[in-house]
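Descriptive analysis of the structure
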Amino acid sequence: MKLKKVVSVFMAAMLSVGLLAGCGGDAGKEDKKDTSESTASNETAGEDESQDAGEDESSEGSSGAEEVTIWYYWETEGHQKALDKVITDYNASQSDITVTAKYVPFADFKKQLSIGASADELPDIAILDSPDHASYATMGIFADLSGKFDVANYYEGAVDSCTIDGTLYGVPFGVNCLGLYYNQDLLEAAGCTVPANWEELKETASKLTKDNVTGLAFCSLQNEEGTFNFMPWVWSTGAGSYEMNSEGGVKALTLAKDLIDSGAMSKECINWTQGDVMNQFISGNVAMMINGPWQIPTMKQEAPDLNWKVALIPQDKEYASALGGENYAVIAGGNEEGALKFLEYATAKEQVEYLMDSFGYISADKTIAEGQFADDEAMKTFTEQLNYAKARGPLAEWPEVSDAISLAFNQVMTGEKEPKDAADAAQQVIDGIVTK
Amino acid sequence: MNQTKKKKLFKYDNVGILFVLPAFLYMLVFVGYPIVKNIILSLQDVTVRTLTADHKPFAGLQNYIDIFQDPVFVKSLVNTLLFTVCCLVLQFIIGFLLALFFNQHFSVSKPVRGLMLIPWMIPITVTALMFKFIFGTDVGILNYILTSLGIISENIDWLTSTNTALFGIICANVWIGIPFNMILISTGLTTIPKELYESASIDGAGKVQTFFKITLPLLRPTIESVLILGFIYTFKVFDLVYVMTGGGPVNSTHMLSTYSYKLSFEMFKYSKGSAVANVLLVILMIVGVFYLRATKEEEE
């Protein structure tokens with residue numbers, strides 16, 4: 001009898017887990033489909049010369065070249081092709097190392113790295129989102145690159161994002177930051193000029209709001225993406241990332257509240273990704289938006305007739321923007337030597353210029369960035385904005401800080417809490433994490 | 001000694017073990033191991049700083065104590081239960097009524113019943129996006145219809161208000177769940193012999209009486225399975241919530257599954273995430289016991 005009971009409990013456990021696994025299994029399958037390896041040589045069809053070279057190489061490569069694998073999460077075809085071209089060229093240029101790149105969807109990227117770290121199944125190079133860099137470096141999965149790369153000419157924020165306690169754990173791939181896009185036609189129709197400070201921003205946004213158009217939009221999701229879009233307001237007041245209940249932090253939250261309350265910004269922003277915000281902007285529902293330069297290729301393609309321009313984000317006390325972009329990291333204990341050799345190649349001027357241009361990114365190397373966009377007004381503005389851009393963190397527990405901050409502005413925007421109360425609650429969480 | 005053991009193993013009586021062995025090993029490796037591993041993880045203190053360390057600090061039940069004091073966890077537990085019960089009741093009743101309706105065998109009943117299955121076949125992420133558009137505040141069709149009919153004067157912010165977001169997700173899930181309930185109950189209805197209804201009508205029983213005296217009692221096993229399977233499917237909802245609201249606004253729609261994911265893979269609090277997952281597991285296990293008991297009774 002007793003045995004029967006035990007067996008039935010065991011069966012129940014199996015059953016419930018089996019059902020749980022049912023959904024997990026599907027996800028797993030999708031992963032596999034998505035993460036199909038795209039070796040450099042099979043993607044660059046059409047470029048006959050490099051194709052041939054690539055094939056020669058891979059046949060030679062199988063006879064004993066070292067493997068270097070890369071994980072990345074860019075889903076845009078143009079990005080993938082550009083990376084593949086650099087890899088193909090590299091594989092063709094020497095015979096010791098064969099580099100392979102693998103696409104891991106962004107939503108799964110952090111999960112895969114975590115799982116990989118605990119299971120010891122990691123690539124040799126990871127190209128990851130810069131705010132996550134500190135967390136993984138703290139896990140100890142990244143190799144120390146101090147002194148191996150010259151980052152003196154790089155943007156400070158970008159280098160900061162991969163530096164912990166003075167040790168360099170990565171190399172910036174490329175950078176971007178947020179700026180203010182505005183719809184020139186709507187602005188002219190309403191008789192407005194481009195806002196330069198917060199007062200003007202509120203006024204302009206209100207004036208632009210009529211019928212189905214709202215004045216301003218920025219992604220305010222309760223996650224890292226939302227925090228990324230909110231931090232420029234906080235920093236513009238002169239407050240630091242960990243000072244939410246300071247005068248500046250409360251002021252930034254109040255700005256968000258004012259914009260929502262006056263109707264100049266749609267409350268739906270808390271459910272919009274940056275891509276959604278861009279879609280609303282190009283369909284004319286939103287007159288101004290905060291967004292990054294990576295949207296430009298899509299905007300030009302989807303709405304070639306839209307008359308838009310880019311300006312610096314309106315300031316309170318100082319100009320500010322949030323620094324985005326990816327970093328290369330070399331995995332400790334992998335094929336470090338091979339990975340370093342490839343990175344030396346990939347961070348050389350010629351490759352960087354090619355990658356940045358095809359990505360719509362700005363080079364993290366100031367000397368390259370300054371000459372990058374001679375005749376592109378929008379990109380020139382972004383390059384200027386970059387001088388005011390700060391990195392989030394770097395802190396191993398940044399995701400927790402980010403969660404507290406994004407909760408605060410979500411509470412304010414939904415009217416759940418007053419700015420001061422939300423700021424105090426966030427500060428309490430942040431103080432529990434940041435001891436400094 | 002060894003020899004005799006080997007011989008014994010292959011005795012005819014024990015051959016059964018060999019047949020069970022592959023399934024047993026499979027369960028042990030792919031189901032048993034992860035459960036045990038997850039329980040161990042939830043008893044340790046694994047965060048960013050200790051994930052790759054050789055020695056992981058032991059935390060005892062601290063993670064469980066912490067999560068039960070965490071308002072977001074309590075909120076997501078309540079949400080999960082509320083969500084499950086609401087969905088189950090609504091989709092069961094509507095599914096049941098539709099099953100009875102399509103059981104009338106009118107001329108297009110079969111093809112229409114087939115079409116009703118579409119919500120069940122659409123990938124959940126697609127459904128989630130679709131409902132996200134339907135419930136949009138300024139561009140959503142629901143607000144448009146309600147305003148046109150004069151029912152509301154101002155747009156309701158369905159998914160961006162903490163009061164109504166869960167309702168939106170429940171609607172989406174009910175829509176998905178109706179065909180599942182309908183098809184299982186339809187199948188159950190066909191197993192009831194027609195003669196019973198015929199003799200009942202000869203005896204002068206009315207529609208309502210036949211429903212409560214014949215249909216319901218004979219459908220009991222089917223209903224039990226539908227409800228319990230429905231409970232398990234609904235309780236572990238993830239993708240729908242993840243896509244529609246991501247747990248927001250202000251954590252008001254987090255479920256145990258999404259909160260566990262957030263803790264583990266967004267905030268790197270692996271041990272707390274696994275503790276939440278274990279709570280989910282225990283609740284599903286209890287329901288699983290009921291399910292096995294129900295099916296066992298049926299077999300006997």
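Computed from a predicted model, the values in this text were never measured in an experiment. Counting of residues starts from 1 at the beginning of each chain's written sequence and follows it residue by residue. Written order determines the labels here, with chains lettered from A and ligands numbered from 1. Restriction of local features to residues with pLDDT of at least 70 applies here, the model being predicted, together with a cutoff of 80 or more for giving and counting side-chain atom pairs; totals for whole chains, interfaces and linings are based on all residues. Working from all heavy atoms in the structure, the side-chain values ignore hydrogens and water.

Notes on the interface of chain B and chain A
Any two residues whose heavy atoms approach within 4.5 Å are treated as being in contact. If you look at the interface, chain B gives 41 residues, while chain A gives 43 residues. In total, about 3800 Å² of surface goes out of reach between chain B and chain A, with carbon and sulfur atoms giving 67% of it. Salt bridges are counted wherever a side-chain nitrogen of Lys or Arg sits within 4 Å of a carboxyl oxygen of Asp or Glu. The interface formed by chain B and chain A contains 4 salt bridges. Of the charged contacts in the structure, one is a salt bridge between E400 of chain A and K269 of chain B, with a shortest N-O distance of 3.6 Å. We define a polar contact as two N or O atoms separated by no more than 3.5 Å, with the added condition that, inside protein, one atom must be a possible hydrogen donor and the other a possible acceptor, whereas residues neighbouring each other in sequence contribute only through side-chain atom pairs. Here chain B is connected to chain A by 9 residue pairs in polar contact (both at pLDDT 80 or more). Of all elements in the fold, only α2 (15–42), α13 (256–266) and α14 (270–299) of chain B reach the threshold of two or more residues within the side of chain B that touches chain A. When residues of the side of chain B that touches chain A are assigned to their parent elements, the largest contribution, 9 residues, is made by α14 of chain B. The residue makeup of the side of chain B that touches chain A, split by class, is 23 nonpolar, 10 polar and 8 charged. For any pair of parts, buried area is found by adding up, for both, the accessible area (1.4 Å probe) each one loses once the two are put together. Runs of H or I in DSSP of at least four residues are treated as helices and runs of E of at least two as strands, each being numbered from the N terminus. Charged means Asp, Glu, Lys or Arg here, nonpolar means Ala, Val, Leu, Ile, Met, Phe, Trp, Tyr, Cys or Pro, and polar covers whatever is left, Gly included.

Considerations on empty space enclosed by the protein
Unoccupied space between atoms shows up once a probe the size of one water molecule is rolled over them. All names here are of chain A. Lining residues are defined by having an atom within 4 Å of a point belonging to a cavity or pocket. Those points lie on a 1 Å grid over the protein atoms alone, cavities being sets where a 1.4 Å probe fits but cannot get out and pockets being open sets with protein on both sides within 12 Å along at least five of seven lines. Grid points are joined across faces, edges and corners, and a volume is the space filled by probe spheres set on the points. In this structure the tally under the stated criterion is 1 cavity of 30 Å³ or more. Looking at the largest cavity, its volume works out to about 50 Å³. Lining the largest cavity, in full, are Y154, P172, F173, Y328, A346, T347, V352, L355, S363, A364 and D365. Tallied by class, the residues present in the lining of the largest cavity amount to 8 nonpolar, 2 polar and 1 charged.

Here we look at the layout of surface pockets
Volume-wise, the second largest pocket comes out at about 900 Å³. What lines the second largest pocket is a set of 36 residues, and nearest its centre among them are D403 and V429 of chain A together with D70, M267 and K269 of chain B. Listed by contribution, the elements that provide at least two residues to the lining of the second largest pocket are α18 (398–413) and α19 (419–433) of chain A together with α3 (62–69), α4 (71–102) and α13 of chain B. The class makeup of the residues in the lining of the second largest pocket is 16 nonpolar, 8 polar and 12 charged.

Considerations on the packing of aromatic side chains
We describe a pair of aromatic rings using the distance from one ring centre to the other and the angle between the two ring planes. All names here are of chain A. Between 30 and 60 degrees the pair is tilted, below 30 it is stacked and above 60 it is edge-to-face, where a pair is any two Phe, Tyr or Trp rings, Trp via its six-membered ring, whose centres lie within 6.5 Å. Evaluation of the coordinates by the stated rule reveals 45 aromatic pairs over all chains. For the ring pair Y90 and F342, a centre distance of 5.2 Å and an interplane angle of 70 degrees mean the geometry is edge-to-face. Of this pair, Y90 sits in helix α4 (residues 77–93) while F342 sits in helix α14 (residues 336–346), and the two are 252 residues apart along the sequence. These aromatic residues form a ring-pair network of at least three members: Y72, Y73, W74, Y103, F106, F109, F173, Y328, F359 and Y361.

Section: the pattern of salt bridges
Residue and element names in this part refer to chain A. Evaluated as defined, the whole model comprises 19 salt bridges over all chains. Among the ionic pairs, D108 bridges to K111, the shortest N-O distance being 3.5 Å. With a gap of 3 residues between them, D108 and K111 both fall in helix α5 (residues 106–119), about one helical turn apart. A single burial state applies to D108 and to K111, both of which are buried. Across the pair D132 and K110 runs a salt bridge, and its minimum N-O distance is 3.5 Å. Note that D132 is positioned in the loop between β4 (125–129) and α6 (133–139) and K110 in helix α5, a separation of 22 residues in sequence. The residues D132 and K110 share a single accessibility class, namely buried. Among the charged side chains, a network of salt bridges with common partners joins K257, D261 and E418. The buried label applies to any residue whose accessible area, calculated with a 1.4 Å probe on protein chains only, is under 20% of its type's maximum; exposed applies above 50%, and partly exposed to all values in between.

Notes on helix α7 (residues 124–134) of chain B
Every α-helix carries 3.6 residues per turn, so stepping three or four residues along brings you back to the same face. Among the residues of α7 of chain B, those classed as buried are T127, A128, F131 and K132 of chain B. Here the buried residues of α7 of chain B occupy an arc of 140 degrees about the axis, which is enough to place them on one side. The inward-facing, buried residues of α7 of chain B abut α12 (274–282) of chain A together with α9 (165–190) and α12 (239–244) of chain B. What the arc measures is the spread of directions leading from the helix axis to the C-beta atoms.

Things to note about the pairing of strand β12 (residues 321–330) of chain A
Residue and element names in this part refer to chain A. With 10 of 10 residues buried, β12 lies mostly within the body of the structure. As paired elements, β4 and β12 share 5 bridges and run antiparallel to each other. Looking at the pairing, I127 lines up with Y328 of β12. Judged from the 6 bridges that link them, strand β7 (residues 171–177) and β12 form a sheet pairing that is antiparallel. By the bridge assignment for β12, C177 is matched with L323. Two strands qualify as a pair provided DSSP detects at least 2 bridges between them.

Quick word on the packing of helix α10 (residues 224–236) of chain A against helix α11 (residues 247–261) of chain A
Residue and element names in this part refer to chain A. Every angle, taken between N-to-C directions, lies between 0 and 180 degrees, and every axis is a line fitted to C-alpha atoms, over only the stretch in contact when it is a helix. Put simply, α10 and α11 touch, their axes get as near as 8 Å, and they point 125 degrees apart. One finds that α10 runs oblique with respect to α11. Crossing angle aside, the handedness with which α10 passes α11 is right-handed. Between α10, through F230, W233 and V234, and α11, the contact on the second element is made entirely by A252, L253, L255 and A256. In terms of residue class, the contact of α10 with α11 is made up of 7 nonpolar, no polar and no charged. Oblique is the label for any angle not under 35 degrees, not over 145, and not in the 65 to 115 range, which are roughly parallel, roughly antiparallel and roughly perpendicular in turn. Here a crossing is taken to be left-handed if its near helix is turned anticlockwise relative to the far helix by less than a right angle, and right-handed if that turn runs clockwise.

Structural notes on the sheet that holds strand β10 (residues 286–291) of chain A
Residue and element names in this part refer to chain A. A sheet is described by the order of its strands in space; here 4 strands give the open sequence β9-β10-β8-β11, paired in mixed fashion. Edge strands, defined here as strands with exactly one partner in the open sheet, are β9 (214–217) and β11 (308–311). Adjacent strand axes in the sheet meet at a mean angle of 20 degrees when their direction is disregarded. In terms of strand pairing, strand β8 (residues 179–183) meets β11 through 4 bridges, oriented antiparallel. Directly across from N183, in β11, lies its bridge partner W308. Each of β8, β10 and β11 touches helix α17 (residues 377–386); the most contacted strand, β11, lies at about 20 degrees to it.

Description of the domain arrangement of chain A
All names here are of chain A. Delimitation of the domains relies on an automatic or database domain assignment. As assigned here, chain A comprises domain 1 (35–176 + 324–390) and domain 2 (179–312 + 397–433). Its C-alpha centre places domain 1 at a distance of 30 Å from the equivalent point of domain 2. Every contact between the two is made by 15 residues of domain 1 and, on the other side, 17 residues of domain 2. Between domain 1 and domain 2, the buried area comes to about 1300 Å², and carbon and sulfur atoms account for 71% of it. In this structure, the connection of domain 1 to domain 2 is made through 0 residue pairs in polar contact (both at pLDDT 80 or more). Looking at the side of domain 1 that touches domain 2 element by element, the count peaks at 6 residues for α17. Here the side of domain 1 that touches domain 2 is composed, by residue class, of 6 nonpolar, 6 polar and 3 charged.

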